[in-house]
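Residue strings, one per chain:
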Amino acid sequence: MSQTPRFAVVGHPNKGKSSSVATLAQNDDIAIALEPGTTRDSRHYPLSVDGRPLYELIDTPGFQRPRRVLAWLEQHSQSASDRPDTVRAFVTQHRDDPRFHDECELLTPILDGAGIIYVVDGSVPYSSEHEAEMNILRWTGRPSLALINRIGEQDHGERWRAALGQYFQIVRHFDAVHAPFDTHLGLLRSFGQLAPEWEAPLDEAINHLAEQRQRRQQQAMRLIATTLAAMLTRVQSATLPVGGNRDELEHGLRQRWREWQRQREQGLRRDIEGLYLHHHLQRQESDLAWEPGADLFSETTRRAWGVSRTYLATAGFGAGALGGAGVDALTAGHTLGAGALVGGLLGAAGSLYYAGKLDRLKLGPLSSGGQRAHFGPVRDPQFGYVVLGRALEHWYRVSHRNHAGRDPLTLGDADSHWLEQLSRSQRQTLQKALQNPPRDDGDSKRRRALEQAVSECGDAFLQWRTQTSP
Ligand SMILES: Nc1nc2c(ncn2[C@@H]2O[C@H](COP(=O)(O)OP(=O)(O)OP(=O)(O)O)[C@@H](O)[C@H]2O)c(=O)[nH]1
Ligand SMILES: [Mg+2]
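If you're wondering where the values come from, they're calculated on a predicted model, not measured in any experiment.

Turning our attention to the overall build of the protein chain. Helix and strand counts for the protein chain stand at 15 helices and eleven strands. Counting across all 470 residues of the protein chain, residues that qualify as buried make up 39%. Contacts in the protein chain between residues at least 24 apart in sequence constitute 73% of all its contacts with a sequence separation of at least 6.

Spelled out as structure tokens, the structure:
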């Protein structure tokens, strides 16, 4: 029997059952709420990769009358050998009894062959009121694992562990909202230990999920590179009629150019969220803003930070701001703490604001009279760093967010210190790629160069966050 492993997630009301299902099934459609009794009926949530189901989780309502149920079972059982049948008989007899609706809902998938995942809240003290439901679950005779999910601050995990260990084959800690991806995989490995026939499919599931995570990162970096190319090369055009007001036209084009950039960035955010199956995520992020006077490579900023021109150039940044001098040409002494300063410089100026140079309005003749006016593209590669930093921060947060999370995703100013993880040659490659973005779909050499540079940035960002996060 090579069935997809199925697990019914059961427990007391309001202990994080739906949260555990949402995270492990990567599904943010599932209702999660502070009120007990949010889940009324059992629902199946398969997790598939490339259309292939790997395992299935079943969200269930919480136990309502476990003592009454256990009393009934004890009355109707002759010996330990008939206990699973007695549970089945209970469900058959009470299926239409509204008093036991929740118990019948949660027991049915278990009787149909699902494994048991029993969820408790480890932040509240253990109490024996759970014993009736744990007994009922034991009576089903199905493979079982308990999860200690801490909803609040306090930790009563040890007492819980002592009690749960008497009823369940395996006991694990799992924070459905915050557990990192590796912990999800570790938990799946534990599921595989519950029954011999589940081991191979769950090992396979783990491999598929790990590969999928790698693939998603590559896809995300490609999406970011494509967006960067579009934003760096954007030209806004319009027709200036004979006798039209040039300043007015330029002002209008500038506004439209900025609005287009904002929309493009928002589109990227949604694409990345879609890639990671976060369809209902609420995001709070300041729009990309253009602030006069925040020019990162202005003389004032440079002096304030005590950075030399040589430093800026050798660190691989700001070559564009140095009168177009090629990065390769500049190799002068750079014994200073280059990385730290670059990070500091970019970080301090705030990643939110961009105040670099835009081409002025360009005008060309039209055969029908009037002139064709073009605004953009942006010329300062600093713009690329701002867009890239914001995009990587968003990608990191989305890719590390569990599907049980219901808090809005708040993105502040991105910190640019991740740039320090790049080697000097990687910085230069990045700088070149941002200065020479692909201009159209056919520009494959430049496109590949930008994709490669962004992909290295993704790894650097990840490395940096792993070092800085607790
Ligand atoms: N901080 C934190 N909160 C959690 C965690 N798990 C659940 N919660 C919160 O606890 C509350 C209940 O979570 P649910 O997942 O809806 O619980 P449930 O067991 O499915 O509840 P019912 O369906 O009502 O029985 C929600 O407000 C969750 O956000 C967790 O691991 N950490
Ligand atoms: Mg629920």
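Next, the rest of the story.
This brings us to the nonpolar core. Ala-8, Val-9, Ile-117, Tyr-118 and Ala-146 are the most contacted members of the largest nonpolar core, which has 52 residues in total. At five residues, strand β4 (residues 115–121) tops the list of elements feeding residues into this core. Look past the residues within four positions of Val-9 in its chain and what remains in contact with it is Lys-17, Ser-20, Val-21, Leu-57, Ile-58, Asp-59, Thr-60, Ile-117 and Val-119. Ala-220, Leu-228, Tyr-276 and Ala-391 belong to the second-largest nonpolar core, a separate cluster that totals 34 residues.

Near ligand 1 there are 22 residues, and of these Gly-16, Lys-17, Ser-18, Ser-19 and Thr-39 occur at the shortest range. Element by element, the count of residues in the shell around ligand 1 is highest for helix α1 (residues 17–24), at three residues. Looking at the shell around ligand 1, its residues break down into nine nonpolar, nine polar and four charged.

Let us now look at the confidence of the model for the protein chain. Residues with a pLDDT of 70 or more make up 82% of the protein chain, whose mean pLDDT is 84. Under a pLDDT of 50 for its full length, residues 292–297 has, in the predicted model, 19 contacts with residues more than four places off or in other chains. Here residues 314–357 is modelled with pLDDT under 50, and outside its nearest four sequence neighbours on either side it reaches 102 contacts, counting other chains as well.

Quick look at the sheet that holds strand β2 (residues 43–49) now. Paired through their backbone hydrogen bonds, the strands of a sheet run either parallel or antiparallel. Pairing within the open sheet is mixed, and its six strands lie in the order β2-β3-β1-β4-β5-β6. Of all strands in the sheet, those with a lone pairing partner are β2 and β6 (170–173), marking the two edges. Sheet twist, expressed as the mean angle between neighbouring strand axes with direction ignored, is 25°. Pairing analysis gives six bridges linking β4 to strand β5 (residues 144–149), with the strands arranged parallel. Directly across from Ile-117, in β5, lies its bridge partner Leu-145. Across the sheet, helix α6 (residues 157–164) lies against β4, β5 and β6, angled at about 170° from β5, the strand it touches most.

Next up on the list: the pairing of β4. Among the seven residues in β4, six count as buried, and that is most of the element. Two strands pair when backbone bridges link them, and strand β1 (residues 6–11) and β4 are joined in this way by five bridges, in the parallel orientation. Looking across to β4, one finds that Gly-11 is bridged to Val-119.

This paragraph deals with the packing of helix α8 (residues 196–233) against helix α15 (residues 444–468). Between α8 and α15, whose axes approach to 9 Å, the crossing angle comes to 125°. Considering the angle they form, α8 stands oblique to α15. Of the two possible hands of crossing, α8 and α15 adopt the one that is right-handed. For the pair α8 and α15, the contacting residues are Gln-217, Gln-218, Met-221, Arg-222, Ile-224, Ala-225, Leu-228 and Ala-229 in the first and Arg-447, Leu-450, Glu-451, Val-454, Ser-455 and Gly-458 in the second.

Bringing the sheet that holds strand β9 (residues 362–365) into the picture now. Here we have three strands laid out as an open sheet, ordered β7-β10-β9, and antiparallel in their pairing. Either end of the sheet is taken by a strand with one partner, and the two such strands are β7 (236–240) and β9. Strand-to-strand, the axes of this sheet are offset by a mean angle of 25°, without reference to chain direction. Two strands pair when backbone bridges link them, and β9 and strand β10 (residues 371–375) are joined in this way by four bridges, in the antiparallel orientation. Across the sheet, residue Lys-362 finds its bridge partner in β10, namely His-374. Contacts from helix α9 (residues 246–275) reach β7 and β10, with the element oriented near 155° to β7.

Let's shift gears to the environment of Leu-70. Position of Leu-70 among the secondary structure elements: in helix α2 (residues 66–76). For the pair Leu-70 and Asn-135, spaced 65 residues apart in sequence, the C-alpha separation works out to 7.5 Å. Excluding residues that lie within four positions of it along the chain, Leu-70 makes contacts with Ala-132, Asn-135 and Ile-136.

Burial within β1 is extensive, with five of its six residues counted as buried. Pairing analysis gives four bridges linking β1 to strand β3 (residues 52–59), with the strands arranged parallel. From the neighbouring strand, Val-9 faces β3, where its bridge partner is Asp-59.

The next thing to look at is helix α4 (residues 101–111). Taken across its eleven residues, α4 has eight buried, putting it largely inside the fold. Here α4 has its buried residues at Asp-102, Glu-103, Cys-104, Glu-105, Leu-106, Leu-107, Pro-109 and Ile-110. Elements that come into contact with the buried residues of α4 comprise β1, β3, α2, α3 (83–94), β4 and α5 (131–140). At the exit of α4 stands Gly-113, carrying a positive phi of roughly 115°.

Reading guide: rules and limits
Residues numbered from 1 in each chain as written. Chains lettered and ligands numbered in written order. Predicted model: local features only at pLDDT ≥ 70, side-chain atom pairs only at ≥ 80, totals over all residues. Helix = DSSP H or I, 4+ residues; strand = E, 2+ residues; numbered from the N terminus. Buried ≥ 20, exposed ≤ 12 C-beta atoms within 10 Å, placed from the backbone. Contact = placed C-beta atoms within 7 Å. Core = buried A, V, L, I, M, F, W, Y, C linked by C-beta atoms within 7 Å. Near = placed C-beta within 6 Å. Nonpolar A, V, L, I, M, F, W, Y, C, P; charged D, E, K, R; others polar. pLDDT = per-residue confidence, 0-100. Pairing = 2+ DSSP bridges. Axes fitted to C-alpha atoms, helices over the stretch in contact; angles between N-to-C directions. Parallel < 35°, antiparallel > 145°, perpendicular 65-115°, else oblique. Left-handed = near helix turned anticlockwise from the far one by under 90°.

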